[in-house]
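Remarks on the overall topology
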Amino acid sequence: MSTTRKKKAVIPAEITKRQVWNPEKMKKVNAFILSESEKQTPERVLKNKLLSIQYQMQDYIEQERVEKEMRILDFVKLYLSQLEISQKELADCFEMKDSNLYKYLTGERKLNPDIVLKLSAFLHTQPEIWYRIQIKNELDALRKEKQKFEEYRKYDYKKLLAG
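Notes on the structure follow. What you see is a predicted model, and the numbers here were worked out from it, not measured in a lab.

**With respect to helix α7 (residues 113-123)**
Every buried residue of α7 is accounted for by Ile115, Val116, Leu119, Ser120 and Leu123. For α7, the buried positions fall inside an angular range of 130° around the axis, keeping them on one side. Counted as exposed and oriented over 90 degrees from the buried face of α7: Pro113, Leu117 and Ala121. The secondary structure elements touched by the buried residues of α7 are α3 (42-62), α4 (72-83), α6 (98-106) and α8 (127-145). Put simply, Asn112 is the residue that caps the front of α7, since its side-chain oxygen is 3.0 Å from the backbone nitrogen of Asp114.

If you want it as structure tokens, here you go:
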């Protein structure tokens, strides 16, 4: 007659975040990241910085509510600062006056395909992202104005047809 003994399963204690990411390990991870980043070529560093701006743009578009509105000009300025190019140089490259380009970048004039394609080609971005920023800002402005909706009720078609 054989007796089978059931073994109790030993459940290991849960590993805490502090055990994994203690200050000593964090120091080693940070040192490794720093040593690897120092090996990057200047071109790779620039590419990473430009990608960071693209990610900021995507995050901005995807946020439902933003603390601070970012205009197209704000994102272009981020790019220009990393590229060490002035807005005037960009306008010259685009074969247009600086003041004209500025009006598009600030939203005084609506973006058009020509400007969007120039920005996209120059900054290696998708054209749609520039329109999405413009539309997001317009929708945010509309949400703010929607509070005044009662003032616009006078434009009801029923009033025109009844009169």
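Still more ground to cover, so stick around.
**So, the packing of α7 against α8**
The geometry of a pair of packed helices is captured by two quantities: the angle between their axes and the separation between those axes. The interhelical angle for the contact between α7 and α8, taken along N-to-C directions, is 125°, at an axis separation of 8 Å. Considered as vectors, α7 and α8 are oriented oblique to each other. Where α7 crosses over α8, the handedness of that crossing is right-handed. Contacts between α7 and α8 pair Pro113, Val116, Leu117, Leu119, Ser120 and Leu123 from the former with Pro127, Trp130 and Tyr131 from the latter. Per-class residue counts for the contact of α7 with α8 are eight nonpolar, one polar and no charged.

**Brief notes about a nonpolar patch on the surface**
Residues Ile15, Val20, Trp21, Met26, Val29, Phe32 and Ile33 make up a contiguous nonpolar surface patch of about 660 Å² in total accessible area. It is helix α2 (residues 23-37) that contributes the most residues to the nonpolar patch, four residues altogether. Note that Ile33 resides in helix α2.

Parameters at a glance
- Per chain, residues are indexed from 1 in the order of the written sequence.
- Per-residue local features of the predicted model are confined to residues with pLDDT of at least 70, and side-chain atom pairs are confined, for both listing and counting, to 80 or more; whole-chain, interface and lining totals are unaffected and use all residues.
- Calculated side-chain values reflect all of the structure's heavy atoms, with hydrogen atoms and water omitted.
- Any residue under 20% of the maximum accessible area for its type is buried, any over 50% is exposed, and the rest in between are partly exposed; the area is computed with a 1.4 Å probe on protein chains only.
- Secondary structure follows DSSP: runs of H or I at least 4 residues long count as helices, runs of E at least 2 residues long count as strands, and numbering of each begins at the N terminus.
- Each C-beta atom gives one direction from the helix axis, and the arc is the one those directions make.
- Every residue pair with non-hydrogen atoms within 4.5 Å of one another is taken to be in contact.
- Each polar contact in these results corresponds to two N or O atoms within 3.5 Å; when the atoms are within protein, one needs to be able to donate a hydrogen and the other to accept it, and residues that are neighboring in sequence are counted only if both atoms are side-chain atoms.
- Each axis is a line fitted through C-alpha atoms, taken for helices only over the stretch in contact, and angles between the N-to-C directions span 0 to 180 degrees.
- Convention used here: angles under 35 degrees read as roughly parallel, angles over 145 as roughly antiparallel, angles from 65 to 115 as roughly perpendicular, and any remaining angle as oblique.
- The crossing is said to be left-handed when, going from far helix to near helix, the turn is anticlockwise and less than a right angle, and right-handed when the turn is clockwise.
- Basically, the charged four are Asp, Glu, Lys and Arg, the nonpolar ten are Ala, Val, Leu, Ile, Met, Phe, Trp, Tyr, Cys and Pro, and anything else, Gly included, counts as polar.
- In this scheme, patches are assembled from residues that exceed 30% relative accessible area and form no salt bridge. Like charges are connected within 9 Å, while nonpolar side chains (Val, Leu, Ile, Met, Phe, Trp, Tyr) are connected within 5 Å.
- Surface accessibility in these figures is a Shrake-Rupley result with a 1.4 Å probe; residues are shielded only by whichever protein chains are displayed.
- Salt bridge criterion: a side-chain nitrogen from Lys or Arg within 4 Å of a carboxyl oxygen from Asp or Glu.

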